[in-house]
Amino acid sequence: MESPPAVGQEGRGSGNVGLMSLIRALGKDLEARSDDSLRALFAARPDLLSPSVPDFAALAARATSRVSVQRALERLTRPQMQVLETLHLCTNTDTGHSASAEGVHRLIHGAALETVARILETLQELALVHPAPPPHGTPSPAAGQPFYLPVGSLKDVVGIYPAGLGRSYTELVRLQPAFALRAVQLVSELHRSGFTIHEATTPMEAALALQQWTSSPEALQRLLAGAPERTTALLARFRNWAMGAVPQAQRKASVTTEGPDVGPIDWLLARGLLVPLDAAHVELPHSVGLALHGGAIINDFTLAPPVPDLGTTTAALRRNAALSSIAETLRLVTELLHAVREHPLPTLRSGGVGVREIRRVAEHLRIEQGAVGLLLELCALAGLIRLDVDSSSWVQPPDLEWLVLPRQEQWLWLVNAWLASERVPSMVGQPSNAAPGAAAGRTASGTTITALSAGAQRPDAPVVRKRILEILHELTQEASAADGTAPVLDAAAVLQRAEWSQPRMARRFSSLIRGVLAEAELLGLVGSGALSQVGSAIAGDNPDAALAILGEHLPAALNHVLLQADLTAVAPGYLAPALTEKLLVMADAEGQGPATIYRFSADSIKRALDHGYDSAALLAFLREHSATAVPQPLEYLVEDTASRHGRLRVGQAASFIQSDDEAALRGLLAGPKAAQLGLASLSPTVLTSSAPPRELAAALRSLGLSPAVDGAAPSAHLRRPAVPQESSRPVYTAPGISPLAEDVDAQLDVLRRAGAGVGHHPGAATGSEAATQLGLEALQRAIRLKKRVQMNVVDSLGNASLEVVVPLSVSGGRVRVFDPARDTERVLSVHRIIDIEAAEELRQ
């Protein structure tokens, strides 16, 4: 059996002297895999193929890059993350101290050895860990087990507090100068007070003494038995995170301080159980946190996801609520498009639509202003309205296909656009500078995210949206009852499952979950708090099934109204968009819901006449689309308003031609240029034209005439020519899909033809990506271990020289090094370093 790993230790002397690069070790493991195993890897981590790699060295370098590892961790479940973090804490990639499943299993309470071994194998398949030699001194029986090391970039991705545990005393001494100055004095005071702790003369010796003193759970419990009240409750706050906010954290307390006035903070600081980081923050060291956990890194391991306590609703209530939401949304979108077509929405200088325009649209649609922002965002992301750059206004595109589609296809258009959009409509009205998850409202400065502004942009919205629908579907399937009832799902239940299935994305879920559920309810994906049938179909990537369900249950659009004697028309249900559009021209809508009332008045009839109707056309339209006869009062209103309409006529003209020569004007009006210039006769001596004055004058001069231009020509407003557009119907593609089979086969062929690869020739030249990663890996490891390296550096003239230096830090494309030969620090550019090797390895 192997010896227990030294959790949190620095691993001094535990690794191999000639340690193989982690990237080369992973490349060797990848090269030994079968094609099926590599296909599974590419399916789980598709970013490894974008773009293709030339060999296994480059593939290993990309798989260990920080961005790729971060993406891979976002797909891991909580048990997988717990095993990976435990492996990270009980290994040391700098010294090569590896661990087996048995060693990891000892530090996870509640996990079976077979489970830990299986998860480690899964992590190896995902190229997040790779096989490694056992540590020196491992007994022969234990040495036959598989041993693992995590990828080198894992420490940067998981952060400084993996599994919620803090840093070791040795690391805190190295990184906190104030604590390093006090560490020796602290150990001396503890020793004089009778505590069993070794004396120390240097900060590092003091750190090791503190680490050994606090590593025993039993000894720590005996120490805490004499602590002031509330000390245990205070330490419980550090169970999930090692850092806490404490006022005046850096003040020094005497270890001999006793009495009822001593608080738990002073007591813990005086004994080194809390380490001050700055004036307001403290950290619970690694060994203290581990001892408080009973010597285990993970105490809440479970393979089964948490089961929330859910309410229920009937299937009929869920279906009716979903269908009602769908019908109402389609009706409101239709009316909104009509309103935007009649009165385009101007934008603010800062972007977005102002409160005044939102209020006007809300009054027109007879809904709350908050709902208008959601509808505007939904229409914009679906392409139903677009920003006209010439007028800086939101307008409806010409010949919009959506208006003539069947209702179920209109709904699918909106849903597909919503799933694929990077905009979050529910963020409208939230503080513009609020942290994710903050409640809606105004900030101290009064700024909020306005509709159709850049503030509602979230690049991760499609991934989060899709995952939330999948979780809703999972919970619905698990909680489905035989009596046909459906579980009611709230944000807390979805977030609980999300934190288990993808804990690395928990913050993203928490900031969007409530808004996504509200948007899903608006689109009928959720009804009465439960996932609807169409929502389940969309979550399962089956839009055809959703269309079939809507075609069966969604009432067909009506093409008639009921005309009343009180000059109103009652819509007995959802009207066809074409009928609604024409009714809104000749009448004013009142009320809410699908049974809208349209009231006729003299002003509304005048509006219809302005749109080109006459009294006969109006009455013919009403007779065609009314289930009842046209009431006499309405007929009188139409005829009387039409008889008084048009006595004054208003037209549009950009310029005019005035001449006393009536024959010449008649010749112009009958000539070939008349249609091109838009000529029309107002009187025998006056013609109007749709062309600007200068353009009209130039055309007349081309005909041999000599016109005079009266006054200065008004500045022309140039507009971009309309670009003919194809169908803008959105087609949704699920994010994170596996790469195409032909791309995978092509990549496998390149890898297999690349030769022996890194597994057989560790020193062979590799691609630039792999070479860069290998160089940075060597630099960072040398910085952590304070080891010398030999660099091949090129100067500005192209001359190469070998230099032995000690790297101190690397950032911004520059390396700060200490040169022992010159006894000085220097700064080198990374791009001038063509080769790096450990100086210790070169001497062997």
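Residues numbered from 1 in each chain as written. Predicted model: local features only at pLDDT ≥ 70, side-chain atom pairs only at ≥ 80, totals over all residues. Heavy atoms only, no water.

As for the overall build of the chain
Broken down by element type, the chain carries 35 helices and 25 strands. Expressed as a percentage of the 844 residues in the chain, the buried residues total 47%. With the model as given, the accessible surface of the chain reaches about 41,000 Å², and the carbon-plus-sulfur share is 53%. (Helix = DSSP H or I, 4+ residues; strand = E, 2+ residues; numbered from the N terminus. Buried < 20%, exposed > 50% of the residue type's maximum accessible area, 1.4 Å probe, protein only. Areas by Shrake-Rupley, 256 points an atom, 1.4 Å probe, with all protein chains shown as cover.)

Here we look at the environment of V561
For V561, the position within the fold is in the loop between α25 (543-553) and β14 (562-564). For the pair formed by V561 and E624, sequence separation is 63 residues and the distance between their alpha carbons is 9.8 Å. With sequence-adjacent residues up to four places away left out, V561 is seen in contact with A569, V570, A571, P572, L575, L583, H625, S626, A627 and T628. (Contact = heavy atoms within 4.5 Å.)

Quick word on the pattern of salt bridges
Scanning all chains against the criterion turns up 31 salt bridges. Linking R106 and E102 is a salt bridge whose minimum nitrogen-to-oxygen distance equals 3.4 Å. Taken together, the residues R106 and E102, both in helix α6 (residues 101-106) and four residues apart, mark about one turn of the helix. The residue D819 makes a salt bridge to R826 at a minimum N-O spacing of 3.1 Å. (Salt bridge = Lys/Arg side-chain N within 4 Å of Asp/Glu carboxyl O.)

Description of the environment of L668
Tracing the sequence through the fold places L668 in helix α30 (residues 662-670). A relative accessible area of 15% means that L668 is categorised as buried. On a C-alpha basis, the gap between L668 and L687 in space is 9.3 Å, while along the polypeptide they are 19 residues apart. Residues in contact with L668, not counting those within four places in the same chain, are I657, A674, L679, L687, L700, L703 and L705.

Thoughts on the packing of aromatic side chains
This structure, assessed with the given rule, holds three aromatic pairs. Both rings, one in F195 and one in W213, keep their centres 5.5 Å apart while their planes meet at 65°; by these two values the pair is edge-to-face. Pair noted here: F195 is in the loop between α11 (177-192) and α12 (203-213) and W213 is in helix α12, with a separation of 18 residues, a long-range link. What makes F195 partly exposed here is its relative accessible area of 23%. Among the residues examined, W213 registers a relative accessible area of 14% and is labelled buried. (Phe/Tyr/Trp six-rings, centres within 6.5 Å; stacked < 30°, edge-to-face > 60°.)

Re unusual backbone geometry
Along the chain, S50 connects to P51 via a cis peptide bond; the corresponding omega equals -5°. In this fold, P51 is placed in the loop between α2 (35-44) and α3 (56-63). Even without a glycine there, the phi angle at S392 is positive, about 55°. Examined against the element boundaries, S392 turns out to sit in the loop between β9 (386-388) and β10 (393-395). With a phi angle near 55°, D823 is a residue other than glycine that sits in the positive phi range. Position of D823 relative to the elements: it lies in the loop between β23 (814-819) and β24 (824-829).

Digging into the sheet that holds strand β8 (residues 345-346)
An order of β8-β10-β9 is seen for the three strands of this open sheet, with the pairing classed as antiparallel. Taken across any chain shown, the strands that pair with only one partner, and hence form the sheet edges, are β8 and β9. The pairing of β9 with β10 spans three bridges and is antiparallel. Residue pairing in the sheet places L387 in a bridge with W394 of β10. (Pairing = 2+ DSSP bridges.)

Let's talk about the pairing of strand β21 (residues 789-794)
Across six bridges, β21 lies against strand β22 (residues 800-811) in antiparallel orientation. Residue pairing in the sheet places V794 in a bridge with A800 of β22. Here β21 runs beside strand β25 (residues 833-838); their pairing, made up of five bridges, is antiparallel. Residue pairing across strands places N792 opposite D835, the latter belonging to β25.

Remarks on the packing of helix α22 (residues 491-501) against helix α23 (residues 506-522)
Two numbers describe how α22 lies on α23: the axes approach to 10 Å, and their chain directions differ by 150°. Relative to α23, the element α22 is oriented roughly antiparallel. Considering how the two elements wind past one another, α22 and α23 form a crossing that is right-handed. Here α22 contributes A491, V494, L495, A498 and E499 to the contact with α23, which in turn contributes A506, F509, S510, I513, R514 and L517. A per-class count over the contact of α22 with α23 returns eight nonpolar, one polar and two charged. (Axes fitted to C-alpha atoms, helices over the stretch in contact; angles between N-to-C directions. Parallel < 35°, antiparallel > 145°, perpendicular 65-115°, else oblique. Left-handed = near helix turned anticlockwise from the far one by under 90°. Nonpolar A, V, L, I, M, F, W, Y, C, P; charged D, E, K, R; others polar.)

With respect to α12
Of the positions making up α12, those classed as buried are A206, A207, A209, L210, Q211 and W213. In this structure, the buried side of α12 is in contact with α10 (169-175), α11, α13 (217-224) and α16 (286-292).

Regarding the nonpolar core
Counting 75 residues, the largest nonpolar core has L384, W402, W411 and W418 as the members making the most contacts within it. When near neighbours in sequence (up to four residues on either side) are disregarded, W418 contacts L378, L381, R465, L469, V516, E519, A520, L523 and L525. Counting residues in hydrophobic clusters, the runner-up holds 53 residues, among them L73, L128, L165 and L290. (Core = buried A, V, L, I, M, F, W, Y, C linked by side-chain atoms within 4.5 Å.)

Description of the packing of helix α26 (residues 577-586) against helix α27 (residues 602-610)
Two elements in contact, α26 and α27, have axes separated by 6 Å at closest approach and are oriented at 115°. Counted together, L584, V585 and M586 of α26 and S604, I605, R607 and A608 of α27 form the full contact between these two elements. For the contact of α26 with α27, the residue count by class is five nonpolar, one polar and one charged.

A look at the sheet that holds strand β6 (residues 281-283)
Pairing is antiparallel in the open sheet, where three strands are placed in the order β4-β6-β5. Both edges of this open sheet fall to β4 (243-245) and β5 (275-276), since each of them pairs with a single strand only. Where β4 meets β6, three bridges bridge the pair, whose relative direction is antiparallel. Paired with G244 across the two strands is V282, which belongs to β6.

Observations concerning the confidence of the model for the chain
Scored by pLDDT, the chain comes out at a mean of 83, with 86% of its residues at no less than 70. Predicted confidence for residues 1-19 stays below pLDDT 50, and this span has 60 contacts to residues more than four positions away or in other chains. Every residue in residues 434-445 scores below 50 in pLDDT, and together they form 16 contacts with partners more than four places removed in sequence or on other chains. (pLDDT = per-residue confidence, 0-100.)

Details of the pairing of β24
Pairing of β23 with β24, which is carried by six bridges, proceeds in the antiparallel orientation. When the bridges of β24 are listed, F818 appears paired with E825. Adjacent in sequence and paired antiparallel, β23 and β24 are bridged by four residues, among which D823 carries a positive phi angle near 55°.

Things to note about the side chain of T214
Looking at the element boundaries, T214 is found in the loop between α12 and α13. The class for T214 is buried, based on a relative accessible area of 2%. Of the polar contacts made by the side chain of T214, one reaches the backbone oxygen of L210; its length is 2.8 Å. (Polar contact = N/O pair within 3.5 Å; in protein donor to acceptor, adjacent residues only side chain to side chain.)

Quick notes on the environment of R66
In this fold, R66 is placed in helix α4 (residues 66-73). For the pair R66 and V157, spaced 91 residues apart in the sequence, the C-alpha separation amounts to 6.5 Å. Setting aside chain neighbours within four positions, we find R66 in contact with S153, D156 and V157.

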